[in-house]
Amino acid sequence: MSIIDDFKLDGKVAIVTGAGRGIGQAVAVAYAEGGAKVLVNDLDANVAEETLALVRKAGSDGIIVAGNVMNKSDVENTVRAALDKLGGLDIMANIAGITRDGMLHKMPEETWDFIIDVNLKGTFFCCQAAMAAMRDLAKADGKVKKSRKIINTSSVAGIYGNKGQANYSAAKAGIIGMTKTVAIEGLMSNVQCNCVAPGWIDTRLTQKKDEGANIGIPDQDRQQTLMYMNFMGVRMGAPIDIARVVYFLSTSGSDYLTGMTINVSGGLKT
Ligand SMILES: NC(=O)c1ccc[n+]([C@@H]2O[C@H](COP(=O)([O-])OP(=O)(O)OC[C@H]3O[C@@H](n4cnc5c(N)ncnc54)[C@H](O)[C@@H]3O)[C@@H](O)[C@H]2O)c1
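Student: Please explain the overall build of the chain as it appears in this structure.
Tutor: The helix and strand tally for the chain stands at 8 helices and 7 strands. For 270 residues, the compact-globule estimate of 2.2 N^0.38 gives 18 Å, and the chain sits close to it at 18 Å. Taken along the three principal axes of its C-alpha coordinates, the chain extends 55 × 40 × 35 Å. Scored against the burial criterion, the 270 residues of the chain give a buried share of 46%.

Written out as structure tokens, the structure reads:
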């Protein structure tokens, strides 16, 4: 055994939520390249098909389970499908998330609730269902328990705040606290739970917001951020920049790391 073996995922089963686009898609492909079978979850079954095709192209296989992380029963079905159809659950990567920005003094209550429900409650349902399954699997392992992983997705907005994101920054800060508790509760079952906090990553969440659209950044704010990043010498991240860190947190190479949030922003926030 060399240290390189600690970073392989051969024979493992991974669930990736929000795997149809952006960071989730990059994580799913990285897992496939590492040798894991991947359950591709997304709200949108069409984009999930594209990800599964990329997983197969990377030399692995998987299944699609479309579903909404806001719905407890969808999440439970997803975990059950990994156990029944892929034969286990070693890694739960909770990537699904969304923004719906607005200044605090104008933010409708529904917008607050929606963002807390998708990002925070959705991550809670995913951690809960994964932990229940992983505890059972750990009991079945007997004395020598395999390590299993839960990875959550926060944001630098959850650590430092961000204009127009009272809802999103609250949800993402909550995920950091929840990660610590999940980590503590996972100790006896050899389940490590860690979190990534991405900075500015080139996905649809950071695209220019079109007139009337819900997702994206108003052009002026976007240009200001890009100018600041350019001034500071920080490039905009790509989904693979986050996927590499999520991948590390999914391998045995990170077995002695739990409850941590890793800020992955290329230096935008340190
Ligand atoms: N892009 C960034 O700069 C950035 C920065 C910090 C954190 N993040 C976080 O990274 C994660 C991934 O974001 P992204 O930038 O790749 O966005 P994205 O919109 O490109 O991809 C997110 C995917 O999640 C899916 N999704 C959304 N709501 C869902 C739900 N309720 N149930 C299941 N699937 C759902 C979407 O259909 C989409 O395919 C999110 O949690 C986001 O908050 C992104």
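Once you've had a look at it, read on.
Student: Explain the nonpolar core here, please?
Tutor: As a rule of thumb, nonpolar side chains are buried together in soluble globular proteins. Ranked by internal contacts, the top residues of the largest apolar core, which has 67 residues, are V16, V27 and A130. The biggest single contributor to this core is helix α4 (residues 109-141), with 12 residues. Residues contacting V27, with those up to four places away along its chain left out, are V16, A19, A93, I95, A243 and V246.

Student: Help me understand unusual backbone geometry, please; the structure alone is not making it clear to me.
Tutor: Residues apart from glycine generally show negative phi values, whereas peptide bonds are mostly found in trans. Here the phi dihedral of N190 falls at roughly 60°; this positive angle occurs in a residue that is not glycine. Tracing the backbone through its elements, the reader meets N190 in the loop between α6 (166-186) and β6 (191-198). In this structure N190 comes out as partly exposed when scored by C-beta crowding, with 18 C-beta atoms within 10 Å.

Student: Would you mind showing me how to read the site of the ligand here?
Tutor: Taken together, 29 residues lie near the ligand, and G18, G22, G97, S155 and T203 sit nearest. Looking at the shell around the ligand, the elements that each hand over two or more residues are α1 (22-34) and α4. The element best represented in the shell around the ligand is α1, accounting for 3 residues. For the shell around the ligand, a count of residues per class yields 13 nonpolar, 12 polar and 4 charged.

Student: Just checking my understanding: could you explain the pairing of β6 for this structure?
Tutor: In regular strands, side chains alternate between the two faces of the sheet. Burial of β6 is extensive: 8 of the 8 residues sit out of reach of the surface. Judged by which residues are buried, β6 turns out to be covered on both faces: V191, C193, C195 and A197 on one side and Q192, N194, V196 and P198 on the other are all buried. Looking at chain direction, strand β5 (residues 148-153) and β6 are connected through 6 bridges and run parallel. Note on β6: the bridge partner recorded for I150 is C193.

Student: How should I be thinking about the sheet that holds strand β7 (residues 261-264) in this particular structure?
Tutor: One key point about sheets: their strands pair by backbone hydrogen bonds, in either a parallel or an antiparallel sense. Read from one edge of the open sheet, 7 strands run β3-β2-β1-β4-β5-β6-β7, paired in parallel fashion. In the strand order of this sheet, the two ends are held by β3 (62-66) and β7, each with one partner. Direction aside, the axes of adjacent strands within the sheet are offset by 15° on average.

Student: Before we go on, may I ask you to explain helix α8 (residues 239-250) in this structure?
Tutor: Given 3.6 residues per turn, any residue in an α-helix points the same way as the ones three and four places further on. In a regular helix each residue adds 1.5 Å, so 12 residues correspond to 16 Å; α8 covers 16 Å between its end C-alpha atoms and thus fits that length. Those residues of α8 that sit buried are P239, I242, A243, V246, Y247, L249 and S250. Down the axis of α8, the buried side of the element spans an arc of 160°, and every buried residue falls inside it. Here the buried face of α8 lies against β1 (13-17), α1, β4 (91-94), β5, β6 and β7.

Student: Could you clarify how one ought to interpret the packing of α1 against α8 in this entry?
Tutor: Two numbers describe how α1 lies on α8: the axes approach to 8 Å, and their chain directions differ by 50°. On the basis of their axis angle, the class for α1 and α8 is oblique. Crossing angle aside, the handedness with which α1 passes α8 is right-handed. Facing G22, I23, Q25, A26, V27, A30, Y31 and G34 of α1, the residues of α8 in contact are P239, I240, I242, A243, V246, Y247 and S250. Broken down by class, the residue content of the contact of α1 with α8 amounts to 11 nonpolar, 4 polar and no charged.

Student: Even after reading the chapter, I still don't get the packing of α4 against α6, so can you show me in this structure?
Tutor: When two helices pack together, their arrangement is given by the angle between the helix axes and the distance between those axes. Taken N-terminus to C-terminus, the directions of α4 and α6 make an angle of 15°; their axes are 9 Å apart at the nearest point. Viewed along their axes, α4 and α6 adopt a mutual orientation that is roughly parallel. By crossing handedness, the relation of α4 to α6 is classed as right-handed. On the side of α4, the interface is formed by T111, W112, I115, I116, N119, L120, T123, F124, C127 and M131, while α6 contributes N167, Y168, A170, A171, K172, G174, I175, M178, V182, E185 and G186. A class-by-class count of the residues in the contact of α4 with α6 yields 13 nonpolar, 6 polar and 2 charged.

Student: Would you mind going over the environment of T203 with me for this structure?
Tutor: The residue T203 is located in the loop between β6 and α7 (219-232) in this model. For T203 and G34, which are 169 residues apart along the polypeptide, the C-alpha to C-alpha distance reads 23 Å. Leave out the neighbours within four places in its chain, and T203 touches R21, G22, I23 and P239.

Student: Would you mind showing me how to read the environment of D90 here?
Tutor: Its location among the elements puts D90 in the loop between α3 (72-86) and β4. For the pair formed by D90 and G11, sequence separation is 79 residues and the distance between their alpha carbons is 9.4 Å. In this view, D90 contacts K12, V13, A14, R148 and K149; residues no more than four positions away in its chain are not counted.

Conventions and cut-offs
Residue indices follow the written sequence of each chain, beginning from 1 at its first position. Restriction of local features to residues with pLDDT of at least 70 applies here, the model being predicted, together with a cutoff of 80 or more for giving and counting side-chain atom pairs; totals for whole chains, interfaces and linings are based on all residues. Helix and strand assignments come from DSSP, with helices taken as H or I runs of at least 4 residues and strands as E runs of at least 2, each series counted from the N terminus. Just to be clear, the radius of gyration here is over C-alpha atoms, and the globule rule we use is 2.2 Å times residues to the power 0.38. As a rule, residues whose C-beta atom has 12 or fewer other C-beta atoms within 10 Å are exposed, those with 20 or more are buried, and those in between are partly exposed; C-beta atoms are placed from the backbone. Note on terminology: a nonpolar core is any set of buried Ala, Val, Leu, Ile, Met, Phe, Trp, Tyr and Cys residues joined through C-beta atoms within 7 Å. Residues are treated as contacting if the C-beta atoms built from their backbones sit within 7 Å of each other. Here, nearness means that the C-beta atom of a residue, built from backbone geometry, sits within 6 Å of the molecule or strand in question. Residues are grouped as follows: Ala, Val, Leu, Ile, Met, Phe, Trp, Tyr, Cys and Pro are nonpolar; Asp, Glu, Lys and Arg are charged; all remaining types, including Gly, are polar. We treat two strands as partners when DSSP finds at least two bridges between them. Axis lines are fitted to C-alpha atoms, over the contacting stretch for helices. Their N-to-C directions set the angle, which ranges from 0 to 180 degrees. Each residue after the first adds 1.5 Å to the expected span of a helix. To obtain the arc, one takes the directions from the helix axis to the C-beta atoms. Orientation is classified from the angle alone, with under 35 degrees giving roughly parallel, over 145 giving roughly antiparallel, 65 to 115 giving roughly perpendicular, and any other angle giving oblique. Note: crossing handedness is left-handed where the near helix turns anticlockwise from the far helix by less than a right angle, and right-handed where it turns clockwise.

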